Amino acid sequence: SSGQSGGLNNLENAGSSDAKNLRVKLVLLGDSGVGKSCIVLRFVRGQFDPTSKVTVGASFLSQTIALQDSTTVKFEIWDTAGQERYAALAPLYYRGAAVAVVVYDITSPDSFNKAQYWVKELQKHGSPDIVMALVGNKADLHEKREVPAQDGIEYAEKNGMFFIETSAKTADNINQLFEEIAKRLPRPSPSS
Ligand code: GDP
């Protein structure tokens, strides 16, 4: 894992891959405070550390996972640092993204509404074959739950998305999230 500075030029070629080693750009979207940074840090560093933010402009963290068929998938994870709220910048983040992870907080109906806004944005401006995941985070806070899992399941199904509930705090379903995304990626043909 590395915290390299990509710069906007790198957005253009952030999706090249061969058949066995995929490299994919992944963008995270969702309300501030839903746990996007914590999900990334849990996945990349195996830690829950709310004080260390990865959100530094156009930089990213990367993490490679191996699938059972010996394919490797290198995720280049872009955290938008909240800059996506400036409408003019948002398409720069989506461009070239093979994966979008839209996160809400299961204790916050507002964040679920905001997630639906991001899904519509991606449907308008994202690449047509983008793999989209809907993530209900903070699943450990079940006593404060205000968004039923069924609402997430139904919304995701209607919009052709993969759905999962996670906890960056307990690590529940964090690796599964990225493994399931990896399985859904379109594979380049071996000759290309
Ligand atoms: P971001 O703004 O979406 O990147 O959100 P952060 O990753 O900074 O997290 C916001 C707050 O939510 C922090 O105070 C975290 O401690 C808390 N948080 C993040 N993930 C979880 C989780 O899975 N469970 C609980 N209980 N708190 C979480």
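Source: prediction; values computed, not measured.

Here we look at the overall build of the protein chain
So, step 1. Looking only at helices and strands, the protein chain features 5 helices and 7 strands.
So, step 2. Each helix and strand of the protein chain, placed in order from N terminus to C terminus, yields the pattern β-β-α-β-β-α-β-α-β-α-β-α.
So, step 3. Each of the 192 residues in the protein chain was classed as buried or not, and the buried ones make up 39%.

Section: helix 1 (residues 36-45)
So, step 1. Burial runs high along helix 1: 8 of the 10 residues are buried.
So, step 2. Here helix 1 has its buried residues at K36, S37, C38, I39, V40, L41, R42 and F43.
So, step 3. In the segment just after helix 1, G46 is the residue with positive phi, at about 70°.

Topic: the pairing of strand 7 (residues 162-165)
For a regular strand, side-chain orientation follows a simple rule: the groups alternate between the two sheet faces.
So, step 1. Pairing of strand 6 (residues 131-137) with strand 7, which is carried by 4 bridges, proceeds in the parallel orientation. Bridged to L134 within strand 7 is F163.
So, step 2. In terms of handedness, the path from strand 6 via helix 4 (residues 149-158) over to strand 7 forms a crossover that is right-handed.

With respect to the packing of helix 1 against helix 5 (residues 174-184)
Two numbers describe a pair of packed helices, the interaxial angle and the distance between the axes.
So, step 1. Following both chains from N to C, one finds helix 1 and helix 5 inclined at 85°, their axes separated by 9 Å at the closest point. Taken together, the axis directions place helix 1 and helix 5 in an arrangement best described as roughly perpendicular. Packed against helix 1, whose contacting residues are I39, R42 and F43, the element helix 5 presents I174, N175 and F178 at the interface.
So, step 2. Here the residues of the contact of helix 1 with helix 5 sort into 4 nonpolar, 1 polar and 1 charged.

Observations concerning unusual backbone geometry
So, step 1. Look at K138: it is not a glycine, yet its phi comes out positive at around 70°.
So, step 2. The phi dihedral of N173 falls on the positive side, at around 65°, and the residue is not glycine.
So, step 3. Assessed through the 19 C-beta atoms surrounding it within 10 Å, N173 is described here as partly exposed.

So, the confidence of the model for the protein chain
So, step 1. Scored by pLDDT, the protein chain comes out at a mean of 83, with 78% of its residues at no less than 70.
So, step 2. Confidence drops under a pLDDT of 50 for residues 1-14, and excluding neighbours within four residues, the segment shows 25 contacts in the predicted structure.
So, step 3. Both scores are available for the predicted complex, with the pTM at 0.86 and the ipTM at 0.99.

Regarding the environment of K120
So, step 1. Along the chain, K120 falls in helix 3 (residues 109-125).
So, step 2. The exposure class assigned to K120 is exposed, which follows from the 10 C-beta atoms found within 10 Å.
So, step 3. Taking C-alpha positions, K120 is 9.4 Å from N159, a pair spaced 39 residues apart along the chain.

What counts as what
Numbering of residues begins from 1 in every chain and follows the order in which that chain's sequence is written. Reporting in this predicted model follows two pLDDT cut-offs: at least 70 for local features of residues, and 80 or more for side-chain atom pairs to be given and counted; totals over whole chains, interfaces and linings ignore these cut-offs and use all residues. For the purposes of this entry, the term helix denotes a DSSP run of H or I that reaches at least four residues, the term strand denotes a run of E that reaches at least two, and both are numbered from the N terminus. Exposed residues have 12 or fewer other C-beta atoms within 10 Å of their own C-beta, buried residues have 20 or more, and partly exposed residues fall in between, where C-beta atoms are placed from the backbone. Here, strands pair whenever DSSP counts at least two bridges between them. With the strands aimed away from the viewer, a crossover counts as right-handed if its path from the first strand over the helix to the second runs clockwise. Axes here mean lines fitted to C-alpha atoms, for a helix over just the part in contact, with angles spanning 0 to 180 degrees between N-to-C directions. Should an angle fall under 35 degrees it is called roughly parallel, over 145 degrees roughly antiparallel, and 65 to 115 degrees roughly perpendicular, with every other angle called oblique. With C-beta atoms placed from the backbone, a contact is any residue pair whose C-beta atoms sit within 7 Å. Under the convention adopted here, Pro, Cys and the residues Ala, Val, Leu, Ile, Met, Phe, Trp and Tyr are nonpolar, Asp, Glu, Lys and Arg are charged, and Gly plus all remaining residues are polar. Confidence of the predictor at the level of single residues is given by pLDDT, which spans 0 to 100.

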